[in-house]
Amino acid sequence: MPGQTIYLETQVIAHELEEVFALKLDAATVAAVLAQGVRAGDSVAVVDAAQDYFPCEVVEAGEEGLRVRIAARSGGAAGRPRVHLVQGLSNEEAMDTIFRQVSELGIAGILPYRSTFSPSVTPQRAEELQARWQYLAQYSARHAGLQKAPDVGFIETLEQTCETLAGFDAVVVCWEGETLQSMDEAVSRLGLAQRGECDIALVIGPRGGLTDAEMALIGSSNPVLATVSLGPAILRVETASLIAPALLISALGGLR
């Protein structure tokens, strides 16, 4: 457990995207911390201006200040399947929420795609959104103490996305037309928990869902594919896009 606790008045640690960064401390606070015997290699607890807590390792300590790195939690993901969220494009507010939420779960990647019920977006706006979502993913992963943020793809058409799905080791699709198979049952039927390191795509439709033709296209994209139900309730896309990855990662041995 970290020993010394350091409180920051203006700095928000989740905004620091470099692995090693300086703590914004005044000279008196630096002197007090050094007087407590804090040195390079020590562990400290940092409570930032957003009242978030981060266990940190001190990399440098001296009169000029402290430089630290977050003592990230690996989550023991090595050797387990990697989950990539393939997310149907919805309105920007919903997408921002999705990127913030799922990036805290240790997901490997987020791939947005356009389908029938997706809003239209210009190429320039698509580039702006991709940059913003990369930032949100990095911010949220850092906030959760994760070692790596998810990779964020550019917005693609459903046809392009299906070509990408063909390269995954397995595909799981959340679909309101599936009424029987749960996430645990799909993982068991496909033997995913026993596969070790591999890449699994989790497909979720946009607000409004997927058409039968789109489901047929997705269904033919990969021979190792299962559809799952998230239960009888009609979920908002923001809710489904948090619950489904959590259920899949848990079924694969994560979130323990």
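Below you will find a few notes about this structure.

1. Thoughts on the nonpolar core
Part 1: Grouped together as the largest cluster of nonpolar side chains are 38 residues, with contacts concentrated most on Trp133 and Leu202.
Part 2: For this core, the secondary structure elements donating two or more residues are strand 6 (82–88), helix 2 (92–102), helix 3 (123–143), strand 10 (170–174), helix 5 (183–190), strand 11 (199–204), strand 12 (225–228) and helix 7 (237–251).

2. Describing the environment of valine 83
Part 1: Here valine 83 lies in strand 6.
Part 2: Of the residues examined, valine 83 reaches a relative accessible area of 5% and is grouped as buried.

3. A few points about the pairing of strand 7 (residues 109–114)
On any regular strand, side chains alternate: one points to one face of the sheet, the next to the other face.
Part 1: Strand direction decides the pairing type here: strand 6 and strand 7, joined by 5 bridges, are parallel. Within strand 7, the residue paired with glutamine 87 across the bridge is proline 112.
Part 2: Regarding topology, helix 2 serves as the crossover connection from strand 6 to the parallel strand 7, and that connection is right-handed.
Part 3: Sheet topology note: the strand 7/strand 8 (residues 151–152) ladder contains 2 bridges and is parallel. Residue pairing across strands places glycine 109 opposite aspartate 151, the latter belonging to strand 8.

4. Remarks on the sheet that holds strand 4 (residues 53–62)
Part 1: If you walk across this open sheet you meet the 5 strands as 1-3-4-5-2, and the pairing is mixed. Either end of the sheet is taken by a strand with one partner, and the two such strands are strand 1 (4–7) and strand 2 (21–22).

5. Comments concerning the packing of helix 2 against helix 3
Part 1: Viewed as axis vectors pointing N to C, helix 2 and helix 3 meet at an angle of 30°, and their least axial separation amounts to 8 Å. Every pair of crossing elements has a handedness; the one defined by helix 2 and helix 3 is right-handed. Where helix 2 abuts helix 3, its residues Glu92, Met95, Asp96, Phe99 and Arg100 lie against Arg125, Leu129, Arg132, Trp133, Leu136 and Ser140.
Part 2: In the contact of helix 2 with helix 3, the residues fall into 5 nonpolar, 1 polar and 5 charged.

6. Focus: the pairing of strand 11
Part 1: For strand 11, the buried fraction is high: 5 of the 6 residues fall into the buried class.
Part 2: As judged from the 4 bridges shared by strand 10 and strand 11, these two strands associate in the parallel manner. For valine 172, the partnering residue across the bridge sits in strand 11 and is leucine 202.
Part 3: Assessed by its sense of winding, the connection that carries the chain from strand 10 through helix 5 to strand 11 is right-handed.

7. With respect to unusual backbone geometry
Part 1: A positive phi is found at glutamine 51, a non-glycine position, where the angle reads about 65°.
Part 2: Along the chain, the position of glutamine 51 falls in the loop between strand 3 (43–47) and strand 4.
Part 3: For glutamine 51, a relative accessible area of 63% corresponds to the exposed category.

8. Section: the environment of glutamine 4
Part 1: Within the secondary structure layout, glutamine 4 lies in strand 1.
Part 2: When its relative accessible area of 24% is taken as the criterion, glutamine 4 is described as partly exposed.
Part 3: A C-alpha to C-alpha distance of 8.5 Å links glutamine 4 and valine 46, two positions 42 residues apart in sequence.

9. Considering a nonpolar patch on the surface
Part 1: A contiguous nonpolar patch, built from Leu235, Ile243 and Leu247 and spanning about 210 Å² of accessible area, is present on the exposed surface.
Part 2: With respect to the helices and strands, leucine 247 occurs in helix 7.

10. A closer look at the pattern of salt bridges
Pairs may arise between side chains of opposite charge once their charged atoms sit close together.
Part 1: All told, the structure shown has 11 salt bridges when counted by the stated rule.
Part 2: Arginine 67 serves as the salt-bridge partner of glutamate 60, at 3.9 Å between the closest nitrogen and oxygen.
Part 3: A relative accessible area of 39% places glutamate 60 in the partly exposed class.
Part 4: Between arginine 132 and aspartate 96 there is a salt bridge, and its shortest N-O distance comes to 3.0 Å. Here the residue arginine 132 occupies a position in helix 3, and aspartate 96 occupies one in helix 2, the gap between them amounting to 36 residues.
Part 5: One continuous salt-bridge network, built from bridges that share partners, spans Glu92, Asp96, Arg125, Glu128 and Arg132.

What counts, and where the lines are drawn
Note on numbering: residues in each chain are counted from 1, in written sequence order. Totals for whole chains, interfaces and linings use all residues, but because this is a predicted model, local features are given only for residues with pLDDT of at least 70 and pairs of side-chain atoms are given and counted only at 80 or more. Note that the side-chain values use all heavy atoms of the structure and ignore hydrogens as well as water. Throughout, nonpolar core names a set of buried Ala, Val, Leu, Ile, Met, Phe, Trp, Tyr and Cys residues whose side chains join them through atoms within 4.5 Å. Here's how the labels work: a residue is buried when its accessible area is under 20% of the maximum for its type, exposed when over 50%, partly exposed in between, all with a 1.4 Å probe on protein chains only. Helix and strand assignments follow DSSP, with helices taken as H or I runs no shorter than four residues and strands as E runs no shorter than two, numbered in order from the N terminus. When DSSP finds two or more bridges between two strands, those strands count as paired. By convention, a crossover is right-handed whenever its connection, traced from the first strand over the helix to the second and viewed with the strands pointing away, goes clockwise. To obtain an axis, a line is fitted to C-alpha atoms, over the contacting stretch when the element is a helix, and the angle between two such axes runs from 0 to 180 degrees between their N-to-C directions. In a left-handed crossing the near helix is turned counterclockwise from the far helix by less than a right angle, and in a right-handed crossing that turn is clockwise. Residues are treated as being in contact if the distance between any of their heavy atoms lies within 4.5 Å. Throughout this entry, Asp, Glu, Lys and Arg are counted as charged residues, while Ala, Val, Leu, Ile, Met, Phe, Trp, Tyr, Cys and Pro are counted as nonpolar. The remaining residues, Gly among them, count as polar. The patch calculation keeps residues exceeding 30% relative accessible area without a salt bridge and links them within 9 Å when they carry like charges or within 5 Å when they are nonpolar (Val, Leu, Ile, Met, Phe, Trp, Tyr). Each accessible area value is a Shrake-Rupley result obtained with a 1.4 Å probe; residue values ignore everything except the protein chains displayed when judging cover. We count a salt bridge whenever a side-chain nitrogen from Lys or Arg sits within 4 Å of a carboxyl oxygen from Asp or Glu.

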